[in-house]
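What follows is each chain in one-letter form.
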Amino acid sequence: MRLNLLLASATALVMAAPLLVQSSPVQAQAAPANGAVQDVVVDQGVLRPLAIAVVPFRGERGSDISSIVSGNLKRSGYFDPLNPASFIETGLTLANAPNFPQWTQIGAQAVLYGAVTPRADNRVDVGFRLYDPYRQCQLVSYQFTATPEQYRRIAHKISDIIYQRMTGEPGFFDSRVIFVSEEGDQLNRKNRLTIADQDGFQPIYLTQGDEVIMSPRFSPNQPDEVTYVALGKDYSRIYLLNLTTGRRESLGEFDGQVLAPRFSNDGNKIAFSIIRNGNTDIYVMDLRSRQLSRLTTDPGINTSPSFSPDGSQIVFNSDRSGQPRLYVMRADGSGQRPISRGGGSYTAPAWSPTGNMIAFTKSGGGRFSTGVMNADGSGERLLSSSYFEEGPSWAPNGRYIMFARQTRGGDTRLWTVDLSGRVVSQAGYQGRGTDPAWSPLLDGPPANLGFNQGPDSCSS
């Protein structure tokens, strides 16, 4: 089947603001449908989520849209959607403001409601309003125009707008995750390259399970471009896959096994490792000229390169000092220096999209942890620890990290943690999975969110 993220547009309810929802078909095999939203664990008793009333939207698929929005906001850890059974006011329409005392009475700090309205061209308008019932003013209003089949995509974009308005940071819900899904037992295990919405829904198999798949990664500036490693009986290859066209292209044959490819931020280069003659070194290929440059030459294992967002530096891990540590070098391979300072082994570094932090996997004392540090190696913090976890990948807003976690004697699943380390949850995908990679936003955030468009608008 073909995965379609069809064309849609959006306009502000108060002022028009065109927005494109890009088309992204891919040749693929449908995976099973997803299950329920996972609970979020907020520990250490510090974070107090905002109580938000998400009123079921009116119209076809309206209740589905509001349910998806509610689930997204809950998983973020910053919102606590109230039980609709507690709502006093009913019958809200886009033409009217809420009865504010009836919402403050139940403790709602924000009220979201909307409607799906059919159009003559077989599309629908999905409009919503968000109010602050205590200040009695409108926080944001917006309207999307799309096909009815796009209801999940529109729900994610609504979630992004609400998240941005309430936290001041960009959202991350209108994005996807690519990972390696697993089936079967240890003697007959099949893994496949799989893509799904960030909440785990609409999973699609991109490979058939006849190769071992490793290290899938998105291009930071092209959410339809992916690279990954495929291992066959007598080969290891790095592939480029275009999710729109389904075209798969090999980077060529290399003398040695290839590992851990990752795009530069502009999508024009890929850094990866080659195991050759007992050494593992990092190389960079210019995708336009296919010219290959070797960046490391010392004995040992040098792998898992990750570009800084500005493309000037690469973080990687190396065991040249005796155990795996994190190093940074210039993009041409010069100026190599260690940045990790603690005990234990550091692997799988990933530079954040904001440029100021690096995520990593750390092992020691029989435990594995997902941590972050400043780009210069200072300020190390461990966000999550368990029997086994690995492979951190940043959400496009740089606030959340997805990783793979395995319990003792159990299966490997996808998990997320926020930068505070207090919001930890299993990711939405219900099956077994490893090596997740988060896409950039499928398109840019709206330029106009309806702020301050009238006398009833809340100040930012």
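Structure first, text after, so check above.
**Some points on the overall build of the protein chain**
(1) Moving on: If you tally the helices and strands in the protein chain, you get three helices and 32 strands.
(2) Moving on: A buried classification covers 54% of the 460 residues belonging to the protein chain.
(3) Moving on: Within the protein chain, counting contacts between residues at least 6 apart in sequence, those at least 24 apart form 49% of the total.
(4) Moving on: Total accessible area on the protein chain is roughly 19,000 Å²; 47% of this is exposed by carbon and sulfur atoms.

**Details of the pairing of strand β21 (residues 313-318)**
(1) Moving on: Most of β21 sits out of view: five of its six residues are buried.
(2) Moving on: A loop of five residues connects strand β20 (residues 302-307) with β21, the two strands running antiparallel in sequence, and glycine 311 in this loop sits at a positive phi of about 75°.
(3) Moving on: Relative to strand β22 (residues 325-330), β21 runs antiparallel, the two being bridged by six bridges. Its bridge partner lying in β22, isoleucine 314 is registered against methionine 329.
(4) Moving on: In sequence, β21 turns back onto β22 through a hairpin of six residues, with glycine 322 there showing a positive phi of about 120°.

**Some remarks on the pairing of strand β26 (residues 367-374)**
The side chains of a regular strand alternate between the sheet's two faces.
(1) Moving on: Bridge count for strand β25 (residues 357-364) against β26 is eight bridges, and the pairing is antiparallel. In the sheet register, phenylalanine 360 faces β26, and the bridge partner there is glycine 371.
(2) Moving on: Here β26 runs beside strand β27 (residues 381-386); their pairing, made up of five bridges, is antiparallel. Counterpart to serine 369 in the pairing with β27 is serine 385.

**Quick look at the side chain of threonine 303**
(1) Moving on: Mapped onto the elements, threonine 303 comes out in strand β20.
(2) Moving on: A distance of 3.2 Å separates polar atoms of two side chains, one belonging to threonine 303 and the other to serine 273.

**Comments concerning the sheet that holds strand β12 (residues 212-219)**
Strands belonging to one sheet form pairs held by backbone hydrogen bonds; the direction of such a pair is parallel or antiparallel.
(1) Moving on: Spatially, four strands are ordered β12-β13-β14-β15 in an open sheet, and the strand pairing comes out antiparallel. Among the strands making up the open sheet, the edge pair consists of β12 and β15 (248-250). Recorded for the sheet is a direction-independent mean angle of 25° between the axes of neighbouring strands.
(2) Moving on: Examined bridge by bridge, β12 and strand β13 (residues 222-231) share six bridges and lie antiparallel to one another. In the strand pairing of β13, isoleucine 213 is matched with alanine 230.

**Notes on the environment of alanine 97**
(1) Moving on: By the secondary structure assignment, alanine 97 is in the loop between β5 (79-81) and α2 (100-104).
(2) Moving on: Judged by relative accessible area, which is 41%, alanine 97 ranks as partly exposed.
(3) Moving on: C-alpha separation for the pair alanine 97 and leucine 130, spaced 33 residues apart in sequence, amounts to 9.6 Å.
(4) Moving on: With sequence-adjacent residues up to four places away left out, alanine 97 is seen in contact with Leu92, Tyr113 and Tyr131.

**Section: the nonpolar core**
(1) Moving on: Of all hydrophobic cores here, the largest spans 41 residues; its most connected members are Ile65, Phe128, Ile158 and Ile162.
(2) Moving on: Mapped onto this core, the elements with two or more residues apiece are β4 (50-54), α1 (62-76), β6 (110-118), β7 (124-132), β8 (137-146), α3 (151-167), β9 (176-183) and β29 (400-406).
(3) Moving on: The element best represented in this core is α3, accounting for seven residues.
(4) Moving on: Beyond its immediate stretch of four places on either side in the chain, isoleucine 65 contacts Phe57, Val116, Val126, Tyr151, Ala155 and Ile158.

**A closer look at unusual backbone geometry**
(1) Moving on: We note that asparagine 122 has phi near 70°; this positive angle belongs to a residue other than glycine.
(2) Moving on: As for its position among the elements, asparagine 122 is in the loop between β6 and β7.
(3) Moving on: By relative accessible area, which is 64% here, asparagine 122 ends up exposed.
(4) Moving on: Of note in the backbone geometry, glutamine 136 takes a positive phi value of approximately 55° without being a glycine.
(5) Moving on: Its location among the elements puts glutamine 136 in the loop between β7 and β8.

**Some words on the packing of aromatic side chains**
(1) Moving on: Considering all chains together, one arrives at 16 aromatic pairs under this definition.
(2) Moving on: Aromatic side chains phenylalanine 100 and tyrosine 131 sit 5.9 Å apart centroid to centroid with 50° between the ring planes, which places their arrangement in the tilted category. Note that phenylalanine 100 is positioned in helix α2 and tyrosine 131 in strand β7, a separation of 31 residues in sequence.
(3) Moving on: Owing to a relative accessible area of 12%, phenylalanine 100 belongs among the buried residues under this scheme.
(4) Moving on: Through a chain of ring-to-ring contacts, three or more aromatic side chains come together here, namely Tyr78, Tyr163, Phe172, Phe173, Tyr400 and Trp438.
(5) Moving on: Against the face of tyrosine 239 rests arginine 248, its NZ or CZ located 3.7 Å from the ring centre.

**A short note on α3**
(1) Moving on: With 17 residues, α3 ought to run about 24 Å at 1.5 Å a step, and its terminal C-alpha atoms sit 24 Å apart, in line with that.
(2) Moving on: Burial of α3 is extensive: 14 of the 17 residues sit out of reach of the surface.
(3) Moving on: Immediately downstream of α3, the backbone of glycine 168 shows phi near 80°, a positive value.

**Quick word on α1**
(1) Moving on: The terminal C-alpha atoms of α1, which comprises 15 residues, lie 22 Å apart, in line with the 21 Å expected from a rise of 1.5 Å per residue.
(2) Moving on: For α1, the tally of buried residues reaches 11 of 15 residues, placing the bulk of the element in the interior.
(3) Moving on: Those residues of α1 that sit buried are Gly62, Ile65, Ser66, Ile68, Val69, Ser70, Gly71, Asn72, Leu73, Arg75 and Ser76.
(4) Moving on: Phi turns positive one or two residues past the end of α1, at glycine 77, with a value near 85°.

**Quick notes on the pattern of salt bridges**
(1) Moving on: Using the criterion set out here, one finds 22 salt bridges in the structure.
(2) Moving on: Note that glutamate 253 and arginine 237 form a salt bridge whose closest N and O atoms lie 2.9 Å from each other. In this pair, glutamate 253 sits in the loop between β15 and β16 (257-263) while arginine 237 sits in strand β14 (residues 236-242), placing the two residues 16 residues apart along the sequence.
(3) Moving on: Where glutamate 249 meets arginine 290, a salt bridge forms, and the shortest distance between an N and an O atom there is 2.7 Å. Placement of glutamate 249 in strand β15 and of arginine 290 in the loop between β18 (279-286) and β19 (292-294) is noted, with a sequence separation of 41 residues between them.
(4) Moving on: Accessibility expressed as a relative area gives 25% for glutamate 249, which makes it partly exposed.
(5) Moving on: Here the residues in one salt-bridge network are Arg119, Asp121, Arg123 and Asp125, joined through shared partners.

Quick notes on the rules
- Sequence positions are assigned chain by chain, starting from 1 and proceeding in written order.
- Local features in a predicted model are, by the rule used here, given only for residues with pLDDT of at least 70; side-chain atom pairs are given and counted only at 80 or more, and totals for whole chains, interfaces and linings are based on all residues.
- Note that the side-chain values use all heavy atoms of the structure and ignore hydrogens as well as water.
- Every helix listed is a DSSP run of H or I at least four residues long, and every strand listed is a run of E at least two residues long, numbered separately from the N terminus.
- Partly exposed residues are those whose accessible area sits between 20% and 50% of the maximum for their type, while under 20% is buried and over 50% is exposed, using a 1.4 Å probe and protein chains only.
- Whether two residues are in contact is decided by their heavy atoms, any of which lying within 4.5 Å being enough.
- The protein chains shown are the only cover counted for residues, whose accessible areas, like all others here, come from Shrake-Rupley with a 1.4 Å probe.
- Note on pairing: two strands pair once DSSP finds at least 2 bridges between them.
- Under the rule applied, a polar contact is a pair of N or O atoms within 3.5 Å (in protein, one hydrogen donor and one hydrogen acceptor; residues adjacent in sequence only if both atoms are side-chain atoms).
- Note on definitions: angles span 0 to 180 degrees between N-to-C directions of axes, and those axes are lines fitted to C-alpha atoms, for helices only across the stretch in contact.
- To define a nonpolar core, start from buried Ala, Val, Leu, Ile, Met, Phe, Trp, Tyr and Cys residues and group those joined through side-chain atoms within 4.5 Å.
- By convention, a stacked pair of Phe, Tyr or Trp rings (six-membered ring in the case of Trp) has centres within 6.5 Å and planes under 30 degrees apart, an edge-to-face pair has planes over 60 apart, and any other such pair is tilted.
- Placement of a positive charge over a ring is assigned whenever Lys NZ or Arg CZ falls within 6 Å of the ring centre and within 35 degrees of the normal to the ring plane.
- Expected span, for any helix, means 1.5 Å times one less than how many residues it has.
- Whenever a carboxyl oxygen of Asp or Glu lies within 4 Å of a side-chain nitrogen of Lys or Arg, that contact is scored as a salt bridge.

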